[in-house]
Amino acid sequence: MQSEKESSRKPKKLPEHVLHLNGLMRRHQRRVIAVIITLLWLTILFIASLIFFPNRDYNEQITFQAGAPPSSLSGELPSPLPEIPLETEISAMPIVPAGPPVEKIKVKSGENLSSIFLRLHLSPQELAKILKLPLVKNAARRLRVGQELEFVITNNQLQELTIPISSTEDLEIKKIDLGFVANSVPHEMTITSTKFGSVTVHTSLYIDGEHAGIPMKVLVGVATIFNSAFDFTREIHPGDHVGVVYQELKDTKIGTFQPGAILSAAFTHLGKTYYAFRFVDSNGNVAYYNEKGESLRRAFNRRPITIGRISSPFNLHRLHPILGYVRPHTGTDFAAPYGTPIHATADGRIAFIGRKGGYGRVIVINHGHGITTLYGHMSRFARSEYVGIAVKINQVIGYIGMSGLASGPHVHYEYRINDQYQDPMKVILPNAAPVPSVQKAAFAELVKKEISEMDIPKTVVPTVSANSSPAPA
Ligand SMILES: [Zn+2]
């Protein structure tokens, strides 16, 4: 059929020289086919070479790079080419020497990430990829007008995107082999100076403190540091004074300043001054201590659960709700939903675990210094607990239940000193460990320096004497 058609068409339409060529081709058909086959082979070989030896010169650079970091890379990777690790090196390479061009884009009114991607000729597929990361999804939803985004784009492909997510933190999205990764990265901060704040309180620490130019973050910090000794919302007295020394930090990215750590604070209450000094021990632990080196942090929590209410207080003359006669209530009951976690109120060792009469499932923890705590009526214990095992403050030791003699789900919590029952809500809780003795000298030096910086007596004495309620000496 085909040959018939061809033969019927060609003589009519094709011009003379084409006919001539056709004739030539027919005559040299075998040679032409051979040439075409050769060309095909060459093409295949070329494509194959591209697949199996991509970017030859890159590979050379990489073996060089892998040799530079001491052991792991050059040791693990045989130089003939496992592909994946090398590619990550490639993508990281251009960043190191020159620094890729960063395009800063301000979010305009009505814009979102997809319109910005359009504006930058970036593919919506890439946007879809990064929006699959929950951090990015959140940040994209909260994009604000005027926010500055930083793009690194090569060949119309997104390499990096930085989105500010707070005044001190960025979300950094980076391309890797298999897609994108996102991490929140805090701005780099440098300590620029030490600042001093001083306020005499007339109405509230926060109101007067802000008027005196002390940042709210610092005021809250002061209240937190003295928290174990004072309730700043209730116990503060007109004429009380707060002096505080704190770091000032500079955000190296956006150039703003903000308060850093509180170095020391002095709180003068009814004429008596209480101190707090920030000290870093040799293990790198940061804590606040008074001028004698005693910790300001309590070693004990007041309550063994974080939610729930006191359903029955400590009362040594109580009429028992179930038994119906006077029987001392030797602990505090906290009612909370069945299964609520119960936390150890301090570090210690389990002295008893098991069932015990009316207590039901009960744990006793020995905290040393003659102090024990007891947690009763549990529905179950936390896993892998036995007598002698160490527990940490806040560790979950069991769960609220109503085992033993209980009218509803609650934990019966006891605090004993030398086997004497104490009211868990009123007992004076011990402090955390003091400054280690080997560092006492260094600490004393710090106290001397900080007290001179705070200059407490000069600022306090006139305001206290001016106040109508004079402080006892
Ligand atoms: Zn009880």
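Residues numbered from 1 in each chain as written. Predicted model: local features only at pLDDT ≥ 70, side-chain atom pairs only at ≥ 80, totals over all residues. Heavy atoms only, no water.

1. A word on the pattern of salt bridges
And then number 1: Following the criterion strictly, the structure yields ten salt bridges and no others.
And then number 2: When the shortest N-O distance is used, the salt bridge between arginine 416 and glutamate 414 registers 2.8 Å. Accessibility assignment for this pair places arginine 416 and glutamate 414 in one class, buried.
And then number 3: Across the salt bridge formed by arginine 416 and aspartate 419, the nearest N and O atoms sit 3.8 Å from each other.
And then number 4: On the basis of relative accessibility, which here comes to 56%, the residue aspartate 419 falls in the exposed class.
And then number 5: Put simply, Glu150, Asp170 and Lys253 are held in one network by salt bridges that share partners. (Salt bridge = Lys/Arg side-chain N within 4 Å of Asp/Glu carboxyl O. Buried < 20%, exposed > 50% of the residue type's maximum accessible area, 1.4 Å probe, protein only.)

2. As for the pairing of strand β4 (residues 169-176)
And then number 1: Pairing between strand β3 (residues 157-166) and β4: six bridges, direction antiparallel. Bridge pairing links threonine 162 to glutamate 172 in β4.
And then number 2: With eight bridges connecting them, β4 and strand β5 (residues 179-186) associate as antiparallel partners. Directly across from aspartate 170, in β5, lies its bridge partner valine 185.
And then number 3: A loop of two residues connects β4 with β5, the two strands running antiparallel in sequence. (Pairing = 2+ DSSP bridges. Helix = DSSP H or I, 4+ residues; strand = E, 2+ residues; numbered from the N terminus.)

3. Description of unusual backbone geometry
Outside of glycine, negative phi angles account for most residues, and trans bonds account for most peptide bonds.
And then number 1: Its identity is not glycine, yet histidine 121 carries a phi of approximately 55 degrees, on the positive side.
And then number 2: As for its placement among the helices and strands, histidine 121 is situated in the loop between α7 (113-119) and α8 (124-131).
And then number 3: Residue classification places histidine 121 among the exposed positions, given a relative accessible area of 62%.
And then number 4: Despite not being glycine, asparagine 156 has its phi angle at roughly 60 degrees, a positive value.
And then number 5: Structurally, the position occupied by asparagine 156 is in the loop between β2 (148-154) and β3.

4. Concerning the pairing of β2
Within a regular strand, side chains alternate between the sheet's two faces.
And then number 1: Within β2, five of the seven residues are buried, which leaves it mostly tucked inside the rest of the structure.
And then number 2: Where strand β1 (residues 102-106) and β2 come together, five bridges link them in antiparallel fashion. When the bridges of β2 are listed, lysine 104 appears paired with glutamate 150.
And then number 3: Sheet topology note: the β2/β3 ladder contains five bridges and is antiparallel. Bridge pairing in β3 links valine 152 to glutamate 160.
And then number 4: A loop of two residues connects β2 with β3, the two strands running antiparallel in sequence, and asparagine 155 in this loop sits at a positive phi of about 50 degrees.

5. A short note on the nonpolar core
And then number 1: Formed by 23 residues in total, the largest nonpolar core has its most connected members in Phe117, Ile130, Leu149, Phe151, Leu161 and Ile173.
And then number 2: Residues within four places of leucine 149 in sequence aside, it is in contact with Glu103, Lys104, Ile105, Val107, Leu113, Ile116, Leu143, Leu161, Thr162, Ile163 and Pro164. (Core = buried A, V, L, I, M, F, W, Y, C linked by side-chain atoms within 4.5 Å. Contact = heavy atoms within 4.5 Å.)

6. Overview of the environment of histidine 410
And then number 1: Within the element layout of this structure, histidine 410 appears in strand β19 (residues 410-417).
And then number 2: Owing to a relative accessible area of 8%, histidine 410 belongs among the buried residues under this scheme.
And then number 3: On a C-alpha basis, the gap between histidine 410 and alanine 335 in space is 4.1 Å, while along the polypeptide they are 75 residues apart.
And then number 4: In contact with histidine 410, not counting residues within four places along its chain, are Ser311, Asp333, Phe334, Ala335, Gly376, His377, Ile400 and Gly401.
And then number 5: A distance of 2.9 Å separates a polar atom in the side chain of histidine 410 from the backbone oxygen of glycine 408. (Polar contact = N/O pair within 3.5 Å; in protein donor to acceptor, adjacent residues only side chain to side chain.)

7. A look at the confidence of the model for the protein
Predicted coordinates in regions of low pLDDT should not be interpreted in detail.
And then number 1: For the protein, the average pLDDT comes to 79, and 75% of its residues sit at 70 or higher.
And then number 2: The model gives residues 1-12 a pLDDT under 50, and that stretch makes two contacts with residues more than four places away or in other chains.
And then number 3: Under a pLDDT of 50 for its full length, residues 457-473 has, in the predicted model, 14 contacts with residues more than four places off or in other chains. (pLDDT = per-residue confidence, 0-100.)

8. A word on the layout of surface pockets
And then number 1: Each pocket or cavity is described by its volume, and for the second largest pocket that value is around 470 Å³.
And then number 2: In terms of lining, the second largest pocket is formed by 21 residues, of which the most central are Arg297, Ala299, Asp347, Ala432 and Ala433.
And then number 3: Here the element with the most residues in the lining of the second largest pocket is strand β10 (residues 286-289); it accounts for three residues.
And then number 4: The class makeup of the residues in the lining of the second largest pocket is twelve nonpolar, six polar and three charged.
And then number 5: Counting only domains with at least three residues in the lining of the second largest pocket, you end up with domain 4 (189-297 + 433-473) and domain 5 (309-422). (1 Å grid on protein atoms, 1.4 Å probe; cavity = no way out; pocket = protein on both sides within 12 Å on 5 of 7 lines; lining within 4 Å. Points joined across faces, edges and corners; volume = space filled by probe spheres on them. Nonpolar A, V, L, I, M, F, W, Y, C, P; charged D, E, K, R; others polar. Domains from an automatic or database assignment.)

9. Notes on helix α12 (residues 440-454)
And then number 1: Between the first and last C-alpha of α12 there are 21 Å, a value that for 15 residues agrees with the 21 Å anticipated at 1.5 Å per step.
And then number 2: Listing the buried residues of α12 in full gives Phe443, Val447, Glu450 and Met454. Along the long axis of α12, the arc covered by the buried residues comes to 80 degrees, so they all point the same way. Projecting away from the buried face of α12 at angles above 90 degrees are the exposed residues Ala441, Glu445, Lys448 and Ser452. (Expected span 1.5 Å × (residues − 1). Arc of directions from axis to C-beta.)

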